[in-house]
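The residues making up each chain are set out below.
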Amino acid sequence: MNDLGSKLQAALRRKEAPADFAGKVMARLQPSSAGRLDSVFGFLRTRPVRWAAVGALACLVVIAIYIHDRREEKARVEGELARAQAMTALRIASAELNSTLAKAAKIQRDAPSQER
Amino acid sequence: MNKQLIPCLTAGLMMIAFAVAPVLAQDGKINISNLESLAKKAAEVVDVNLDGQMLELATKFMDNEADSQGKEILKGLKGIYVKGFEFKQPGEYSTEDIEAIRSQLRPPAWKRIVGIESGSEGERVEIYVMTGVDGQKIEGMAIIAAEPTELTVVNLVGAIDILKLSALEGKMGIPKLPEPKK
(Lines give C-alpha, C1' and ligand atoms only; values in the text may rest on other atoms or scores of the structure.)
Protein backbone atom coordinates (compact mmCIF):
# COMPACT_ATOMS: atom_id res chain seq x y z
CA MET A 1 0.00 0.00 0.00
CA ASN A 2 2.78 2.42 0.86
CA ASP A 3 4.47 1.50 -2.33
CA LEU A 4 1.27 2.21 -4.28
CA GLY A 5 0.75 5.46 -2.40
CA SER A 6 4.23 6.69 -3.07
CA LYS A 7 3.90 5.79 -6.73
CA LEU A 8 0.66 7.68 -6.94
CA GLN A 9 2.18 10.64 -5.19
CA ALA A 10 5.09 10.67 -7.62
CA ALA A 11 2.76 10.43 -10.62
CA LEU A 12 0.49 13.19 -9.44
CA ARG A 13 3.25 15.47 -8.23
CA ARG A 14 3.14 18.88 -9.84
CA LYS A 15 5.56 19.17 -12.65
CA GLU A 16 6.60 22.48 -14.04
CA ALA A 17 5.68 23.00 -17.75
CA PRO A 18 8.60 23.16 -20.15
CA ALA A 19 9.66 26.67 -21.23
CA ASP A 20 8.19 26.46 -24.71
CA PHE A 21 4.90 24.86 -23.64
CA ALA A 22 2.80 28.04 -24.05
CA GLY A 23 4.29 28.73 -27.47
CA LYS A 24 3.48 25.23 -28.67
CA VAL A 25 -0.12 25.48 -27.48
CA MET A 26 -0.62 28.89 -29.15
CA ALA A 27 0.92 27.62 -32.39
CA ARG A 28 -1.57 24.79 -32.51
CA LEU A 29 -4.47 27.20 -31.89
CA GLN A 30 -3.47 29.64 -34.74
CA PRO A 31 -2.56 27.85 -37.99
CA SER A 32 0.20 29.61 -40.05
CA SER A 33 -0.68 32.09 -42.85
CA ALA A 34 1.06 29.93 -45.37
CA GLY A 35 -1.22 27.12 -44.29
CA ARG A 36 -4.31 29.40 -44.77
CA LEU A 37 -3.35 30.37 -48.31
CA ASP A 38 -2.75 26.78 -49.18
CA SER A 39 -6.26 25.90 -48.10
CA VAL A 40 -7.77 28.72 -50.22
CA PHE A 41 -5.78 27.86 -53.31
CA GLY A 42 -6.55 24.30 -52.79
CA PHE A 43 -10.24 25.12 -52.98
CA LEU A 44 -9.74 27.19 -56.13
CA ARG A 45 -7.86 24.42 -57.82
CA THR A 46 -10.84 22.14 -57.68
CA ARG A 47 -12.36 21.34 -61.08
CA PRO A 48 -15.85 22.88 -60.58
CA VAL A 49 -14.38 26.16 -59.45
CA ARG A 50 -11.98 26.24 -62.43
CA TRP A 51 -14.80 25.64 -64.89
CA ALA A 52 -16.90 28.32 -63.23
CA ALA A 53 -14.01 30.80 -63.52
CA VAL A 54 -13.52 29.97 -67.22
CA GLY A 55 -17.25 30.38 -67.81
CA ALA A 56 -17.34 33.75 -66.03
CA LEU A 57 -14.34 34.97 -68.04
CA ALA A 58 -15.97 33.84 -71.29
CA CYS A 59 -19.18 35.70 -70.34
CA LEU A 60 -17.19 38.86 -69.62
CA VAL A 61 -15.46 38.64 -73.00
CA VAL A 62 -18.79 38.15 -74.80
CA ILE A 63 -20.32 41.10 -72.94
CA ALA A 64 -17.31 43.31 -73.74
CA ILE A 65 -17.50 42.40 -77.45
CA TYR A 66 -21.25 43.05 -77.47
CA ILE A 67 -20.85 46.49 -75.83
CA HIS A 68 -18.04 47.36 -78.25
CA ASP A 69 -20.18 46.33 -81.25
CA ARG A 70 -23.15 48.31 -79.99
CA ARG A 71 -20.98 51.43 -79.53
CA GLU A 72 -19.56 51.05 -83.03
CA GLU A 73 -23.05 50.57 -84.46
CA LYS A 74 -24.28 53.66 -82.60
CA ALA A 75 -21.30 55.69 -83.90
CA ARG A 76 -21.98 54.43 -87.44
CA VAL A 77 -25.67 55.40 -87.23
CA GLU A 78 -24.78 58.83 -85.85
CA GLY A 79 -22.21 59.33 -88.57
CA GLU A 80 -24.61 58.34 -91.34
CA LEU A 81 -27.26 60.63 -89.90
CA ALA A 82 -24.76 63.51 -89.72
CA ARG A 83 -23.71 62.82 -93.31
CA ALA A 84 -27.34 62.84 -94.51
CA GLN A 85 -28.03 66.08 -92.66
CA ALA A 86 -24.88 67.68 -94.05
CA MET A 87 -25.82 66.67 -97.59
CA THR A 88 -29.34 68.06 -97.11
CA ALA A 89 -27.97 71.33 -95.77
CA LEU A 90 -25.48 71.69 -98.63
CA ARG A 91 -28.23 70.92 -101.16
CA ILE A 92 -30.46 73.61 -99.71
CA ALA A 93 -27.64 76.15 -99.44
CA SER A 94 -26.45 75.50 -102.98
CA ALA A 95 -29.95 75.60 -104.44
CA GLU A 96 -30.85 78.85 -102.66
CA LEU A 97 -27.52 80.43 -103.59
CA ASN A 98 -27.83 79.53 -107.25
CA SER A 99 -31.48 80.45 -107.43
CA THR A 100 -30.76 83.87 -105.95
CA LEU A 101 -27.74 84.50 -108.15
CA ALA A 102 -29.73 83.46 -111.23
CA LYS A 103 -32.53 85.87 -110.33
CA ALA A 104 -30.03 88.66 -109.69
CA ALA A 105 -28.41 87.99 -113.06
CA LYS A 106 -31.81 88.02 -114.78
CA ILE A 107 -32.71 91.33 -113.14
CA GLN A 108 -29.42 92.81 -114.30
CA ARG A 109 -30.03 91.58 -117.85
CA ASP A 110 -33.62 92.86 -117.90
CA ALA A 111 -32.81 96.24 -116.35
CA PRO A 112 -31.16 97.84 -119.42
CA SER A 113 -34.02 96.62 -121.70
CA GLN A 114 -36.59 98.08 -119.29
CA GLU A 115 -34.78 101.39 -119.23
CA ARG A 116 -35.08 101.58 -123.01
CA MET B 1 -0.52 118.09 -69.46
CA ASN B 2 0.86 114.52 -69.46
CA LYS B 3 -1.19 113.69 -66.40
CA GLN B 4 -4.41 114.52 -68.25
CA LEU B 5 -3.34 112.93 -71.51
CA ILE B 6 -2.68 109.43 -70.20
CA PRO B 7 -6.15 108.86 -68.70
CA CYS B 8 -7.75 110.25 -71.87
CA LEU B 9 -5.72 107.95 -74.07
CA THR B 10 -6.54 104.98 -71.85
CA ALA B 11 -10.25 105.76 -71.95
CA GLY B 12 -10.10 106.16 -75.72
CA LEU B 13 -8.33 102.84 -76.22
CA MET B 14 -10.82 101.10 -73.98
CA MET B 15 -13.72 102.53 -75.95
CA ILE B 16 -12.19 101.32 -79.19
CA ALA B 17 -11.59 97.91 -77.66
CA PHE B 18 -15.21 97.64 -76.50
CA ALA B 19 -16.42 98.66 -79.94
CA VAL B 20 -14.17 96.25 -81.82
CA ALA B 21 -14.46 93.26 -79.45
CA PRO B 22 -17.97 92.21 -80.49
CA VAL B 23 -16.88 92.23 -84.12
CA LEU B 24 -13.78 90.17 -83.44
CA ALA B 25 -15.66 87.77 -81.16
CA GLN B 26 -18.27 86.86 -83.77
CA ASP B 27 -17.65 83.58 -85.51
CA GLY B 28 -20.32 83.66 -88.21
CA LYS B 29 -22.93 81.79 -86.19
CA ILE B 30 -26.32 83.41 -85.79
CA ASN B 31 -29.12 82.42 -83.49
CA ILE B 32 -32.05 80.98 -85.44
CA SER B 33 -33.67 79.13 -82.57
CA ASN B 34 -36.51 81.67 -82.47
CA LEU B 35 -37.89 79.99 -85.61
CA GLU B 36 -38.46 76.69 -83.80
CA SER B 37 -41.93 77.82 -82.80
CA LEU B 38 -42.92 77.80 -86.49
CA ALA B 39 -42.47 74.04 -86.68
CA LYS B 40 -45.91 73.46 -85.16
CA LYS B 41 -47.59 75.40 -87.99
CA ALA B 42 -45.52 73.97 -90.84
CA ALA B 43 -46.53 71.12 -93.11
CA GLU B 44 -42.88 70.29 -93.74
CA VAL B 45 -39.85 71.10 -91.65
CA VAL B 46 -36.14 70.85 -92.35
CA ASP B 47 -33.99 71.26 -89.26
CA VAL B 48 -30.24 70.80 -89.46
CA ASN B 49 -27.87 71.51 -86.57
CA LEU B 50 -24.36 70.37 -87.23
CA ASP B 51 -21.50 71.80 -85.21
CA GLY B 52 -17.81 71.25 -85.89
CA GLN B 53 -17.71 67.86 -84.18
CA MET B 54 -20.70 66.51 -86.08
CA LEU B 55 -19.34 67.83 -89.38
CA GLU B 56 -16.09 66.02 -88.72
CA LEU B 57 -18.07 62.84 -88.06
CA ALA B 58 -20.11 63.38 -91.22
CA THR B 59 -17.02 63.77 -93.42
CA LYS B 60 -15.71 60.41 -92.14
CA PHE B 61 -18.73 58.79 -93.75
CA MET B 62 -18.34 60.58 -97.09
CA ASP B 63 -16.01 58.15 -98.77
CA ASN B 64 -17.53 57.70 -102.19
CA GLU B 65 -16.65 59.85 -105.19
CA ALA B 66 -20.11 61.42 -105.37
CA ASP B 67 -19.56 62.98 -101.94
CA SER B 68 -16.05 64.25 -102.64
CA GLN B 69 -17.11 67.78 -103.62
CA GLY B 70 -19.39 68.06 -100.62
CA LYS B 71 -16.58 66.77 -98.39
CA GLU B 72 -14.26 69.42 -99.82
CA ILE B 73 -16.72 72.17 -98.83
CA LEU B 74 -17.37 70.70 -95.39
CA LYS B 75 -13.65 70.60 -94.55
CA GLY B 76 -13.51 74.35 -94.03
CA LEU B 77 -16.80 74.59 -92.17
CA LYS B 78 -17.29 74.83 -88.41
CA GLY B 79 -21.07 74.54 -88.46
CA ILE B 80 -24.14 74.23 -90.65
CA TYR B 81 -27.53 75.33 -89.37
CA VAL B 82 -30.69 75.21 -91.45
CA LYS B 83 -34.29 75.91 -90.60
CA GLY B 84 -36.74 75.34 -93.46
CA PHE B 85 -40.50 75.50 -93.28
CA GLU B 86 -43.22 74.87 -95.82
CA PHE B 87 -46.68 76.04 -94.82
CA LYS B 88 -50.08 75.14 -96.20
CA GLN B 89 -51.17 78.74 -96.41
CA PRO B 90 -49.58 82.19 -96.33
CA GLY B 91 -49.32 84.29 -93.19
CA GLU B 92 -47.97 81.58 -90.88
CA TYR B 93 -44.83 83.53 -90.07
CA SER B 94 -44.40 87.21 -89.36
CA THR B 95 -41.87 89.87 -90.32
CA GLU B 96 -40.78 89.91 -86.69
CA ASP B 97 -39.63 86.32 -87.07
CA ILE B 98 -37.37 87.31 -89.94
CA GLU B 99 -36.35 90.62 -88.37
CA ALA B 100 -35.00 88.74 -85.33
CA ILE B 101 -32.62 86.97 -87.71
CA ARG B 102 -31.85 90.03 -89.81
CA SER B 103 -30.99 92.12 -86.75
CA GLN B 104 -27.97 89.83 -86.17
CA LEU B 105 -26.66 90.45 -89.69
CA ARG B 106 -25.72 94.09 -89.37
CA PRO B 107 -22.51 95.77 -90.46
CA PRO B 108 -19.62 95.94 -89.82
CA ALA B 109 -19.45 92.21 -89.13
CA TRP B 110 -21.93 91.19 -91.82
CA LYS B 111 -22.41 92.47 -95.34
CA ARG B 112 -25.39 91.88 -97.58
CA ILE B 113 -24.13 90.82 -100.99
CA VAL B 114 -27.46 90.00 -102.62
CA GLY B 115 -30.96 91.18 -101.86
CA ILE B 116 -33.88 90.42 -104.17
CA GLU B 117 -37.47 91.37 -103.51
CA SER B 118 -40.29 90.39 -105.81
CA GLY B 119 -43.34 92.37 -104.82
CA SER B 120 -45.71 90.53 -107.16
CA GLU B 121 -44.77 87.08 -105.85
CA GLY B 122 -44.16 88.26 -102.29
CA GLU B 123 -40.70 86.71 -102.42
CA ARG B 124 -37.61 88.07 -100.70
CA VAL B 125 -34.14 86.51 -100.72
CA GLU B 126 -31.04 87.89 -99.04
CA ILE B 127 -27.51 86.58 -98.83
CA TYR B 128 -25.17 87.92 -96.15
CA VAL B 129 -21.50 87.14 -95.68
CA MET B 130 -19.08 87.71 -92.87
CA THR B 131 -15.48 88.24 -93.92
CA GLY B 132 -12.35 87.79 -91.88
CA VAL B 133 -10.12 90.55 -90.57
CA ASP B 134 -8.41 90.82 -93.97
CA GLY B 135 -11.78 91.31 -95.65
CA GLN B 136 -11.03 88.61 -98.21
CA LYS B 137 -11.90 85.24 -96.75
CA ILE B 138 -15.53 84.48 -96.00
CA GLU B 139 -15.99 83.27 -92.43
CA GLY B 140 -19.76 82.97 -92.40
CA MET B 141 -22.76 83.05 -94.65
CA ALA B 142 -26.45 83.52 -94.03
CA ILE B 143 -29.23 83.04 -96.57
CA ILE B 144 -32.78 84.13 -95.82
CA ALA B 145 -35.35 83.05 -98.41
CA ALA B 146 -38.89 84.12 -97.60
CA GLU B 147 -41.91 83.27 -99.73
CA PRO B 148 -45.58 83.44 -98.76
CA THR B 149 -45.72 79.72 -97.92
CA GLU B 150 -42.03 78.95 -97.45
CA LEU B 151 -39.32 80.22 -95.17
CA THR B 152 -35.73 79.01 -95.30
CA VAL B 153 -32.79 80.24 -93.25
CA VAL B 154 -29.34 78.82 -93.84
CA ASN B 155 -26.30 79.67 -91.71
CA LEU B 156 -22.88 78.37 -92.70
CA VAL B 157 -20.05 78.98 -90.26
CA GLY B 158 -16.41 78.77 -91.25
CA ALA B 159 -14.35 79.17 -94.38
CA ILE B 160 -16.76 79.06 -97.31
CA ASP B 161 -15.91 78.81 -100.97
CA ILE B 162 -18.96 80.25 -102.73
CA LEU B 163 -17.78 79.02 -106.12
CA LYS B 164 -17.48 75.45 -104.88
CA LEU B 165 -20.85 75.69 -103.15
CA SER B 166 -22.45 77.00 -106.30
CA ALA B 167 -20.75 74.27 -108.34
CA LEU B 168 -22.58 71.59 -106.37
CA GLU B 169 -25.60 72.22 -108.57
CA GLY B 170 -26.30 69.13 -110.65
CA LYS B 171 -24.26 66.93 -108.34
CA MET B 172 -24.92 65.13 -105.07
CA GLY B 173 -28.58 64.86 -105.99
CA ILE B 174 -28.90 68.62 -106.31
CA PRO B 175 -31.07 69.32 -109.35
CA LYS B 176 -29.67 71.70 -111.96
CA LEU B 177 -31.80 74.82 -112.20
CA PRO B 178 -33.37 75.54 -115.61
CA GLU B 179 -31.93 78.50 -117.51
CA PRO B 180 -33.90 81.71 -116.72
CA LYS B 181 -36.30 82.74 -119.52
CA LYS B 182 -34.98 85.56 -121.69
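Everything below is about the structure shown above.
The sections below set out a description of the structure shown in this document. This one's a predicted model, so the numbers in the text were calculated from it and none came from an experiment.

1. Side note on the overall build of chain B
Here comes step 1: When helices and strands are counted, chain B shows five helices and six strands.
Here comes step 2: Mapped in sequence order, the helices and strands of chain B form the string α-β-α-α-β-α-β-β-β-β-α.
Here comes step 3: Long-range contacts, defined as pairs at least 24 residues apart, comprise 62% of the intrachain contacts of chain B with a sequence gap of at least 6.
Here comes step 4: Taken as a whole, chain B presents about 10900 Å² of accessible surface, with 55% of it coming from carbon and sulfur.

2. Describing helix H4 (residues 95-102) of chain B
Residue and element names in this part refer to chain B.
Here comes step 1: Taken as a whole, H4 has its buried residues at Asp97, Ile98, Ile101 and Arg102. One side of H4 carries all its buried residues, which in axial view fall inside an arc of 135°. Exposed residues pointing more than 90 degrees away from the buried face of H4 are listed as Thr95 and Glu96.

3. Digging into the interface of chain B and chain A
Here comes step 1: If you look at the interface, chain B gives 39 residues, while chain A gives 30 residues.
Here comes step 2: Overall, the association of chain B and chain A removes approximately 2800 Å² of surface from exposure, summing both partners, and the carbon and sulfur fraction of that is 76%.
Here comes step 3: The interface formed by chain B and chain A holds two salt bridges in total.
Here comes step 4: Salt-bridge contacts for A:Arg83 lead to B:Asp67; the nearest nitrogen and oxygen are separated by 2.9 Å.
Here comes step 5: In this assembly, chain B and chain A are joined by five residue pairs in polar contact (both at pLDDT 80 or more).
Here comes step 6: Of the residues forming the side of chain B that touches chain A, the biggest block, five residues, is contributed by strand E1 (residues 44-51) of chain B.
Here comes step 7: Taken together, the residues of the side of chain B that touches chain A break down into 28 nonpolar, six polar and five charged.

4. Observations concerning the nonpolar core
Here comes step 1: Core analysis: the biggest nonpolar cluster contains 30 residues, and B:Leu74, B:Leu77, B:Ile80, B:Met141, B:Leu156 and B:Leu165 have the highest contact counts within it.
Here comes step 2: No other element matches the eight residues that helix H4 (residues 47-115) of chain A contributes to this core.
Here comes step 3: Residue contacts for B:Leu165: discarding those within four places in its chain leaves A:Leu90, A:Ala93, A:Ser94, A:Leu97, B:Ile73, B:Met141 and B:Leu156.

5. Side note on the pairing of strand E3 (residues 110-118) of chain B
Residues and elements named next belong to chain B.
Here comes step 1: Bridging between E3 and strand E4 (residues 123-131) involves eight bridges; their strand directions are antiparallel. Following the sheet pairing, Lys111 is matched in E4 by Val129.
Here comes step 2: Two successive antiparallel strands, E3 and E4, enclose a turn made up of four residues, where Gly122 displays a positive phi of approximately 65°.

So, how was this worked out
Residues numbered from 1 in each chain as written. Chains lettered and ligands numbered in written order. Predicted model: local features only at pLDDT ≥ 70, side-chain atom pairs only at ≥ 80, totals over all residues. Heavy atoms only, no water. Helix = DSSP H or I, 4+ residues; strand = E, 2+ residues; numbered from the N terminus. Contact = heavy atoms within 4.5 Å. Areas by Shrake-Rupley, 256 points an atom, 1.4 Å probe, with all protein chains shown as cover. Buried < 20%, exposed > 50% of the residue type's maximum accessible area, 1.4 Å probe, protein only. Arc of directions from axis to C-beta. Buried area = accessible area lost by both parts, 1.4 Å probe. Salt bridge = Lys/Arg side-chain N within 4 Å of Asp/Glu carboxyl O. Polar contact = N/O pair within 3.5 Å; in protein donor to acceptor, adjacent residues only side chain to side chain. Nonpolar A, V, L, I, M, F, W, Y, C, P; charged D, E, K, R; others polar. Core = buried A, V, L, I, M, F, W, Y, C linked by side-chain atoms within 4.5 Å. Pairing = 2+ DSSP bridges.

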